[in-house]
Amino acid sequence: NTMLQTGFVAMDPTTGAVKAWVGSRDYSQDKFDHVQQARRQPGSTFKPFLYGAAFQSGMRPTDTFVDGPVEIRVDRNQVWRPTDIDGMSNAPMTLREGLARSKNTITAQLMMQVGPSRVASLARQMGVRESKLREVPSLALGTSPVTLKEMVSSFSTIANSGNYIEPQIVTSVEDRDGNVLETFHTRVENAMSTEAAQTLLDVLRGVVESGTAVGLKPRFGVSGDLAGKTGTTQDNTDGWFILM
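Residues numbered from 1 in each chain as written. Predicted model: local features only at pLDDT ≥ 70, side-chain atom pairs only at ≥ 80, totals over all residues. Heavy atoms only, no water.

Visitor: For the side chain of Gln 168, give the residues involved together with the corresponding values.
Guide: Take Gln 168: it is sitting in the loop between strand E7 (163–165) and strand E8 (172–174). In this structure Gln 168 comes out as buried when scored by relative accessible area, which is 15%. Beyond its immediate stretch of four places on either side in the chain, Gln 168 contacts Gly 16, Ala 17, Val 18, Phe 184, His 185 and Thr 186. (Helix = DSSP H or I, 4+ residues; strand = E, 2+ residues; numbered from the N terminus. Buried < 20%, exposed > 50% of the residue type's maximum accessible area, 1.4 Å probe, protein only. Contact = heavy atoms within 4.5 Å.)

Okay, structure coming up:
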């Protein structure tokens, strides 16, 4: 009998205000917070950090790589051969389509061009500030464990034109007579260029329009201007979805 667990957090990307925080399915059964405590592999939800770094360096969504076999030498004894569930077309594919369809073949080639250290650095600037990131080629496929809170605050940076705002849970503290003892203000930091953030946001619209999250609108009856990213780790141990 497998008990599925969940974590959910919602943030206003323009203010940093945390609107909802669900740490587990039931506190009485599971006193473990899957928002801030649990570190899990983010899988493909980590890919936008790579594509963001690529756009920041001047690459465009229309740039192409061939969707074919990739071999990347990790060290003397190890060769990494990323694959995809839906196979390979052996045809050129744009970065836009590669991210919408979450293609590992495209992502791996892009990672070799951009480099793990630039991806890790951008991820830290955008909001992954507590978890340690291993600067290896597979980092782009989400192999370094992170928290949901870090990922949602990073995606908020994308939605907020590249400006990172620390998630805010408490705005002020008052005594019983209503006297304000302390107020808290959010800090805003520029994490990535506005142009790169807007390009990335637009590319992530493709995930919902024609990519791995195409079932979202019809299935849940949601409409409007939506962008996001799906993520699945080995054998669906962890399933992620972040929506903007």
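Visitor: I'd love a proper account of helix H3 (residues 104–114), names of residues and values included.
Guide: With respect to burial, H3 is a largely interior element, nine of its 11 residues being buried. Buried within H3 we find Asn 104, Thr 105, Ile 106, Thr 107, Ala 108, Gln 109, Leu 110, Met 111 and Val 114. Looking one or two residues beyond H3, the residue adopting positive phi is Gly 115, at roughly 95°.

Visitor: Provide a residue-level description of the pairing of strand E12 (residues 239–243), including the pertinent values.
Guide: By the alternation rule, side chains of E12 split into Trp 240 and Ile 242, which are all buried, and Gly 239, Phe 241 and Leu 243, of which none is buried. In terms of strand pairing, strand E11 (residues 228–232) meets E12 through five bridges, oriented antiparallel. Directly across from Thr 230, in E12, lies its bridge partner Phe 241. (Pairing = 2+ DSSP bridges.)

Visitor: Outline the packing of helix H1 (residues 47–56) against helix H6 (residues 194–209), supporting the account with residue identities and numerical values.
Guide: How two helices pack is summed up by the angle between their axes together with the distance between the axes. Two elements in contact, H1 and H6, have axes separated by 9 Å at closest approach and are oriented at 135°. The angle between H1 and H6 falls in the class oblique. Our pair here, H1 against H6, has a crossing hand that is right-handed. Residues Pro 48, Tyr 51, Gly 52, Phe 55 and Gln 56 of H1 lie in contact with H6, whose contacting residues are Ala 196, Thr 199, Leu 200, Val 203 and Leu 204. In terms of residue class, the contact of H1 with H6 is built from seven nonpolar, three polar and no charged. (Axes fitted to C-alpha atoms, helices over the stretch in contact; angles between N-to-C directions. Parallel < 35°, antiparallel > 145°, perpendicular 65-115°, else oblique. Left-handed = near helix turned anticlockwise from the far one by under 90°. Nonpolar A, V, L, I, M, F, W, Y, C, P; charged D, E, K, R; others polar.)

Visitor: Could you give me a rundown of the pairing of strand E1 (residues 8–11), with the residues and numbers involved?
Guide: As a general feature of sheets, a regular strand has side chains that alternate between the two faces. Burial along E1 is one-sided: the face carrying Val 9 and Met 11 is buried and the face carrying Phe 8 and Ala 10 is not. What sits between E1 and strand E2 (residues 18–22) in their antiparallel hairpin is a turn of six residues, with Gly 16 showing a positive phi close to 85°.

Visitor: Which residues make up the nonpolar core, and what values go with them?
Guide: With 52 residues, the main nonpolar core has Tyr 51, Leu 110, Met 151 and Leu 204 as its most contacted residues. Put simply, the parts of the chain that give this core at least two residues each are E1, H1, helix H2 (95–100), H3, helix H4 (116–126), helix H5 (148–159), H6 and E12. With eight residues, the top contributor of residues to this core is H6. Setting aside anything within four residues of it in sequence, one finds Leu 110 in contact with Leu 50, Tyr 51, Ala 54, Met 59, Phe 65 and Leu 95. (Core = buried A, V, L, I, M, F, W, Y, C linked by side-chain atoms within 4.5 Å.)

Visitor: Can you explain the pattern of salt bridges? Please cite residues and give values.
Guide: On inspection of all chains with the given rule, the structure shows 16 salt bridges. Note that Glu 71 and Arg 81 form a salt bridge whose closest N and O atoms lie 2.9 Å from each other. With Glu 71 in the loop between strand E3 (64–66) and strand E4 (72–73) and Arg 81 in the loop between strand E5 (79–80) and strand E6 (92–94), this residue pair connects regions lying 10 residues apart in the sequence. Of the residues examined, Glu 71 reaches a relative accessible area of 55% and is grouped as exposed. (Salt bridge = Lys/Arg side-chain N within 4 Å of Asp/Glu carboxyl O.)

Visitor: Describe a nonpolar patch on the surface, naming the residues involved and giving the relevant values.
Guide: A grouping of Trp 21, Ile 169, Val 170, Val 173, Leu 181 and Phe 184 is seen on the molecular surface, where their side chains present a nonpolar patch of about 540 Å² in accessible area. Within the secondary structure, Ile 169 sits in the loop between E7 and E8. (Patch = residues over 30% accessible without salt bridge, like charges linked within 9 Å, V, L, I, M, F, W, Y side chains within 5 Å. Areas by Shrake-Rupley, 256 points an atom, 1.4 Å probe, with all protein chains shown as cover.)

Visitor: Mind laying out the packing of aromatic side chains, listing which residues take part and the relevant values?
Guide: If you walk through the whole model with that rule in mind, you get one aromatic pair. Ring plane angle 65° and centroid distance 4.6 Å describe the contact between Phe 46 and Phe 49, whose orientation is recorded as edge-to-face. Classification of Phe 49 as buried rests on a relative accessible area of 2%. Here Lys 31 stacks its cationic end above the ring of Tyr 27, 5.2 Å away from the centre of that ring. Sitting over the face of the ring of Tyr 164, Arg 129 holds its NZ or CZ atom 3.9 Å from the ring centroid. (Phe/Tyr/Trp six-rings, centres within 6.5 Å; stacked < 30°, edge-to-face > 60°. Lys NZ or Arg CZ within 6 Å of the ring centre and 35° of its normal.)

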